[in-house]
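Take a look at the letters that make up each chain.
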Amino acid sequence: MRLSRYFLPVLKENPAEAQIVSHRLMLRAGMIKQASAGIYSWLPLGFKVLRKLENIVHEEQVRAGHIPMLMPTLQSADLWRESGRYDGYGEEMLRMQDRHGRDMLYSPTAEEMFTDVFRSHVKSYKDLPLTLYQIQWKFRDEIRPRFGVMRGREFLMKDGYNFDLTKEDALHAYNRHLVSYLRTYERMGLQAIPMRADSGPIGGDYTHEFLVLAETGESEVFYDAEITDLKFGDREIDYDNVDQCQAILEEFTSRYARTDETHDEAVFNEVPEDRRRVARGIEVGQIFYFGTQYSEALNATVQTPDGSSVPVHMGSHGIGVSRLLGAIIEASHDDKGIIWPEGVTPFHCGIVNLKQGDDEADAACEALYKSLTALGLEPLYDDRNERAGGKFASMDLIGLPWRITVGPRGLKNGVVEVTCRRSGESEEMPPEQAVAKIAGIYAGL
Ligand code: ATP
Ligand code: MG
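The rules behind the values
Residues numbered from 1 in each chain as written. Chains lettered and ligands numbered in written order. Predicted model: local features only at pLDDT ≥ 70, side-chain atom pairs only at ≥ 80, totals over all residues. Heavy atoms only, no water. Helix = DSSP H or I, 4+ residues; strand = E, 2+ residues; numbered from the N terminus. Expected span 1.5 Å × (residues − 1). Buried < 20%, exposed > 50% of the residue type's maximum accessible area, 1.4 Å probe, protein only. Pairing = 2+ DSSP bridges. Axes fitted to C-alpha atoms, helices over the stretch in contact; angles between N-to-C directions. Contact = heavy atoms within 4.5 Å. Domains from an automatic or database assignment. Buried area = accessible area lost by both parts, 1.4 Å probe. Near = heavy atom within 4 Å. Polar contact = N/O pair within 3.5 Å; in protein donor to acceptor, adjacent residues only side chain to side chain. Areas by Shrake-Rupley, 256 points an atom, 1.4 Å probe, with all protein chains shown as cover. Nonpolar A, V, L, I, M, F, W, Y, C, P; charged D, E, K, R; others polar. Patch = residues over 30% accessible without salt bridge, like charges linked within 9 Å, V, L, I, M, F, W, Y side chains within 5 Å. Salt bridge = Lys/Arg side-chain N within 4 Å of Asp/Glu carboxyl O. Lys, Arg positive; Asp, Glu negative; His and termini not counted. Charge placed at Lys NZ, Arg CZ, Asp CG, Glu CD. Core = buried A, V, L, I, M, F, W, Y, C linked by side-chain atoms within 4.5 Å. Parallel < 35°, antiparallel > 145°, perpendicular 65-115°, else oblique. Left-handed = near helix turned anticlockwise from the far one by under 90°.

Got a sec to walk through helix α2 (residues 44–63)? Specific residues and values, please.
An ideal rise of 1.5 Å per residue puts 28 Å on 20 residues; α2 measures up with 28 Å between its terminal C-alpha atoms. Here α2 has its buried residues at Leu45, Gly46, Lys48, Val49, Leu50, Lys52, Leu53, Glu54, Ile56, Val57, Glu60 and Gln61. Backbone geometry just downstream of α2 places Gly65 in the positive-phi region, at approximately 95°.

Describe the sheet that holds strand β23 (residues 426–429), naming the residues involved and giving the relevant values.
Picture the strands of a sheet paired through backbone hydrogen bonds; they go either parallel or antiparallel. Taken together, the five strands give an open sheet; going across it, the order is β20-β19-β21-β22-β23, and neighbouring strands pair in mixed fashion. Both outer strands of the open sheet, β20 (379–382) and β23, are each paired with one neighbouring strand and no more. When strand polarity is set aside, the average angle formed by the axes of neighbouring strands in this sheet is 20°. Both strand β19 (residues 349–353) and strand β21 (residues 402–406) contribute to a ladder of four bridges, which runs parallel. By the bridge assignment for β21, Val352 is matched with Thr405. Contacts from helix α11 (residues 388–398) reach β19, β20 and β21, with the element oriented near 175° to β19. Across the sheet, helix α13 (residues 431–442) lies against β19, β21, β22 (416–420) and β23, angled at about 170° from β21, the strand it touches most.

Report on the sheet that holds strand β6 (residues 103–106), specifying residues and quantitative values.
In space, the three strands of this open sheet follow the order β4-β6-β5, with antiparallel pairing throughout. This sheet does not close on itself; its edge strands, each paired only once, are β4 (74–76) and β5 (94–97). Neighbour-to-neighbour, the strand axes of this sheet turn through a mean angle of 35°, independent of strand direction.

Could you give an account of the domain arrangement of the chain, with specific residues and numbers?
What the domain assignment lists for the chain is domain 1 (3–338) and domain 2 (349–443). With centres defined by C-alpha atoms, the gap from domain 1 to domain 2 works out at 37 Å. Facing 15 residues of domain 1, the contacting portion of domain 2 comprises twelve residues. Considering only the surface of domain 1 that becomes buried against domain 2, Leu3, Lys336 and Ile338 emerge as the three largest contributors, covering 44% of it.

Which residues make up the pairing of strand β1 (residues 32–36), and what are the values?
Direction of pairing for β1 relative to strand β2 (residues 39–42): antiparallel, over a ladder of four bridges. Opposite Ile32, over in β2, you have Trp42 as the bridge partner. Between the antiparallel neighbours β1 and β2 lie two residues, among them Gly38 with a positive phi of about 70°.

Lay out the site of ligand 1 in plain terms, naming residues and giving numbers.
As a structural note, the neighbourhood of ligand 1 is formed by 14 residues, with Arg140, Glu142, Arg151, Gly152 and Glu283 the closest of them. Taking Arg151, its side chain carries an N or O atom lying 2.7 Å from an oxygen atom of ligand 1. The fraction of the free accessible surface of ligand 1 (580 Å²) that becomes covered by protein chains is 83%. Contributing elements (two or more residues each) for the shell around ligand 1: β8 (154–164) and β13 (276–291). In terms of residues, the shell around ligand 1 owes the most to one element, β13, which gives four residues. Tallied by class, residues from the shell around ligand 1 come to five nonpolar, four polar and five charged.

Can you lay out a negative patch on the surface for me, pointing to particular residues and giving the numbers?
On the surface, a cluster of negative charge is contributed by Asp198, Glu220, Asp260 and Glu261. Mapped onto the secondary structure, Glu261 falls in the loop between β12 (257–259) and α7 (265–268).

Explain the nonpolar core to me, using residue names and the numbers behind them.
Ranked by size, the top nonpolar core spans 69 residues in total, and within it Met31, Leu53, Tyr185, Phe210, Val284 and Leu325 carry the most contacts. No fewer than three residues from each of domain 1 (3–338) and domain 2 (349–443) sit in this core. Each residue touching Leu325, except ones within four places of it in the same chain, is listed here: Met26, Met31, Trp42, Gly46, Val49, Leu50, Leu53 and Val149. Ranked by size, the runner-up nonpolar core spans 25 residues in total, among them Leu79, Trp80, Leu105 and Phe118.

So, the packing of helix α10 (residues 359–374) against α13: which residues are in play, and what are the values?
Where α10 meets α13, the closest approach of the two axes is 10 Å, and the angle between their N-to-C directions is 30°. The pairing of α10 with α13 is recorded here as roughly parallel in orientation. Considering only the axes of α10 and α13, their crossing is right-handed. Here Leu368, Ser371 and Leu372 of α10 lie close against α13, whose contacting residues are Pro431, Val435 and Ile438.

Rendered as structure tokens:
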């Protein structure tokens, strides 16, 4: 993309309404614009990152054997009356009536809808196990929307629902989700720690929340510092392998890690003192096993091998896709702006032309742009007629992890400069080598 043809409305001033750094940087970098309280328009740069996160979530869910589909955002109230949640859900549910006076709502979550699809079409244990999921906008009329996309009213969520014949199978689905989430967050450059949580209104005995440590997080968390050394890495996973998934769950959840809702001071004190940590975290996902609560309420049953009929065991599993943008920025920025992890960056690198209009510099930038594009990479070429300082400031603000700087002086010696956004270190090299370096960085991603 050439910046002169892109739509990147960066702000020079710090927006007064933003209380935390991720919100401020998303507004300044021209990623989002508030439409009304807790509701945002996604401008091109923000939309690009959102799509990248969505893709990673999809890839990892499909890898785990889960099946994507899409539910409507507007739902009839009847299903929610049937499950018994319509009255109880409270003011967070946005309710409305259509022209015929029928009660409708904007889905805050979708247990009912998925269970309804399931019960309409699945009748036999032979069709299990089954995990269906979607990435879809949700609406919760939060009493205090704040921190930009972190606590919005309209937000993008991946929500998945497993249907299994037995509790044992459903717990395997639970473990599979935990494993797939660990991979998902790591690919986004995040460490999200699974912590024992409270199941709240969804109910059930098994639940973990995934938390990204950040001072601005809304949850207080307590954990054993050893946890932060755990890395998922690129291990081979066989998602059908019950023992392997169970072992990974144990590896990542056996140490003390809890949110304030489940925190137990006495148990925490058994952790050696120098490893006890109290911090704040951002919830970026949650998994649940809740048994047959919804399948009983909604009569979602299957025939067992011996011909009897039983309610299926279920769980639901969410990832806050739009909140993740904020979480990633909270975890990865400096005073100059965002620092995108390579796995989610909106453009792979920037190209800064120090002397737009200089024939040689223009030609070198064009050549770099073409070579990178031919390799399937997306550079953002700052081809505007602006001062170098302004170009650097914009690049730093929007946070591309790598920058190639091209100027007449370097070109005389046959070199351009490659700069790492995170370390600030620069290296001079011939343009072909710069292309190879950038391509190498993204080769495994
Ligand atoms: P919270 O405790 O933060 O209100 P929750 O536990 O009610 O969240 P879940 O029902 O577990 O949320 O939804 C799954 C994920 O969706 C959460 O882990 C979170 O990342 C994201 N999420 C929930 N509410 C919001 C919101 N208002 N804005 C943005 N993301 C949200
Ligand atoms: Mg939650």
